[in-house]
Amino acid sequence: MIIVFVGAPGSGKGTHARRTAERCGLRHVSTGDLLRDAVERKTDVGLRAKEYMDAGKLVPDEVMMDLVSELLDSREGGDGVVFDGFPRTLAQAEGLDRLLAERGLKVDKAMLVDISEDEAVERMALRISCPKCGAVYNLKSNPPGVEGVCDKCGGKLEVRSDDREETVRDRFKEFRRQTQPVIDYYRDRGILASVRTSGPVDEVARKVAAALDGCGDAGGTSEGA
Ligand code: AMP
């Protein structure tokens, strides 16, 4: 089972992708987390990705395909994957299909987590995350138990450099330009589900589960939930 989560910055796609992976027993793969880890460790991919990430721009497709190809080869945690933040361009969507086909797999469902730009900017201002384990908190709706400390791993929480308002607005522009064709691609193939991400996180999580028919294994589409 392969599910891809698509969503603008601040949409909560990370939270819902993670929850879906836990609920369905699939591996959660966030390309943003993988890249941040690579930047921190100063690997070849990290060095190639850093300037784009700092500028709120997408990392080039070749770098992303190298990263994902390697990840699929590792097969650590089995073949079932929830992709979080990948693919983000049409070339990545087509590339992913090719990589999966070579391994006898396919994308079963694409989940669009939808949000307006102003709502996203407001949300990001309240967001802090753990660079160590990737956990994300909201100072208003989901604060950590101890200020500045990750509940899950004890890491030191911080505001990501790409969560500042100006960068968020740049990332939104980039999202519309680059990722809208990905949404259209999955819609045309009849595997797109979509949920508006307003309201309490548990309520949105229930809508996501319903839109995926549990784990995304039933056919049909469920747009507009
Ligand atoms: P995220 O945590 O998913 O918001 O990603 C953070 C940053 O990592 C993005 O702003 C991009 O610079 C980069 N990134 C993550 N996933 C991708 C992708 N699929 N394609 C290109 N860049 C990506």
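Read on for an overview of the structure. (Residues numbered from 1 in each chain as written. Predicted model: local features only at pLDDT ≥ 70, side-chain atom pairs only at ≥ 80, totals over all residues. Heavy atoms only, no water.)

### Quick word on the state of the cysteines
Each disulfide consists of a covalent bond between the sulfur atoms of two cysteine residues.
Stage number 1. Within the structure shown, the criterion is met by 1 disulfide.
Stage number 2. Here Cys 24 engages in a disulfide with Cys 215; their sulfurs sit 2.2 Å apart. Across the disulfide from Cys 24 to Cys 215, rotation about the S-S bond amounts to roughly -100°, and the bridge is consequently left-handed. With Cys 24 in helix H1 (residues 13–24) and Cys 215 in the segment after helix H8 (201–211), this pair connects stretches of sequence that are 191 residues apart.
Stage number 3. For Cys 215, a relative accessible area of 22% puts it in the partly exposed group. (Disulfide = S-S within 2.5 Å. Helix = DSSP H or I, 4+ residues; strand = E, 2+ residues; numbered from the N terminus. Buried < 20%, exposed > 50% of the residue type's maximum accessible area, 1.4 Å probe, protein only.)

### Regarding the side chain of Thr 89
Stage number 1. In this fold, Thr 89 is placed in the loop between strand S3 (81–84) and helix H5 (90–102).
Stage number 2. Leave out the neighbours within four places in its chain, and Thr 89 touches Leu 58, Asp 61, Gln 178 and Val 182. (Contact = heavy atoms within 4.5 Å.)

### Observations concerning the site of the ligand
Stage number 1. Lining the immediate environment of the ligand, one finds 17 residues, of which Thr 31, Lys 57, Arg 88, Gln 92 and Arg 171 sit closest.
Stage number 2. For the ligand, a nitrogen atom lies 2.8 Å from a polar atom in the side chain of Thr 31.
Stage number 3. One of the side-chain nitrogen or oxygen atoms of Arg 88 is found 2.9 Å away from a nitrogen atom of the ligand.
Stage number 4. A total of 480 Å² of accessible area belongs to the ligand in isolation, and the protein chains cover 97% of it.
Stage number 5. When residues of the shell around the ligand are assigned to their parent elements, the largest contribution, 4 residues, is made by helix H2 (residues 31–41).
Stage number 6. Per-class residue counts for the shell around the ligand are 6 nonpolar, 4 polar and 7 charged. (Near = heavy atom within 4 Å. Polar contact = N/O pair within 3.5 Å; in protein donor to acceptor, adjacent residues only side chain to side chain. Areas by Shrake-Rupley, 256 points an atom, 1.4 Å probe, with all protein chains shown as cover. Nonpolar A, V, L, I, M, F, W, Y, C, P; charged D, E, K, R; others polar.)

### Quick notes on the nonpolar core
Stage number 1. Of all hydrophobic cores here, the largest spans 38 residues; its most connected members are Val 4, Leu 35, Phe 83, Leu 96, Val 107 and Tyr 186.
Stage number 2. At the level of secondary structure, the elements contributing two or more residues to this core comprise strand S1 (2–7), H2, helix H3 (44–54), helix H4 (61–74), S3, H5, strand S4 (109–114) and helix H7 (165–188).
Stage number 3. Excluding its chain neighbours within four sequence positions, the residues that come into contact with Phe 83 are Ile 2, Ile 3, Val 4, Phe 5, Val 29, Val 68, Leu 71, Leu 72 and Leu 96. (Core = buried A, V, L, I, M, F, W, Y, C linked by side-chain atoms within 4.5 Å.)

### Some remarks on the packing of H2 against H4
Stage number 1. The geometry of H2 relative to H4 is characterised by a closest axis approach of 11 Å and an angle of 100° between their N-to-C directions. Relative to H4, the element H2 is oriented roughly perpendicular. Contacts between H2 and H4 involve Thr 31, Leu 34 and Leu 35 from the first element and Met 64, Leu 67, Val 68 and Leu 71 from the second.
Stage number 2. The class makeup of the residues in the contact of H2 with H4 is 6 nonpolar, 1 polar and no charged. (Axes fitted to C-alpha atoms, helices over the stretch in contact; angles between N-to-C directions. Parallel < 35°, antiparallel > 145°, perpendicular 65-115°, else oblique.)

### A short note on the environment of Asp 184
Stage number 1. Among the structural elements, Asp 184 can be located in helix H7.
Stage number 2. C-alpha of Asp 184 to C-alpha of Ala 110: the two residues are 74 residues apart in sequence and 11 Å apart in space.

### Points about unusual backbone geometry
Stage number 1. Backbone torsion omega between Phe 86 and Pro 87 reads 0°, so that peptide bond is classified as cis.
Stage number 2. Relative to the helices and strands, Pro 87 resides in the loop between S3 and H5.
Stage number 3. With a phi angle near 55°, Lys 42 is a residue other than glycine that sits in the positive phi range.
Stage number 4. Looking at the secondary structure, you find Lys 42 in the loop between H2 and H3.
Stage number 5. Using a relative accessible area of 62% as the deciding quantity, one classes Lys 42 as exposed.

### What to know about the packing of aromatic side chains
Stage number 1. Tallied over the entire structure, the rule returns 3 aromatic pairs.
Stage number 2. Taken together, a centroid distance of 5.6 Å and an interplanar angle of 50° make the contact between Phe 83 and Phe 86 tilted. Judged on exposure class, the residue Phe 83 and its partner Phe 86 are both buried. (Phe/Tyr/Trp six-rings, centres within 6.5 Å; stacked < 30°, edge-to-face > 60°.)

### So, the sheet that holds S1
Stage number 1. A sheet is described by the order of its strands in space; here 5 strands give the open sequence S2-S3-S1-S4-S7, paired in parallel fashion. Both edges of this open sheet fall to strand S2 (27–30) and strand S7 (192–196), since each of them pairs with a single strand only. Shown here is a sheet whose adjacent strand axes are inclined to one another by a mean of 20°, direction ignored.
Stage number 2. Where S2 lies against S3, 4 bridges are found, and the strand directions are parallel. Of the residues in S3, the one forming a bridge with His 28 is Val 82. (Pairing = 2+ DSSP bridges.)

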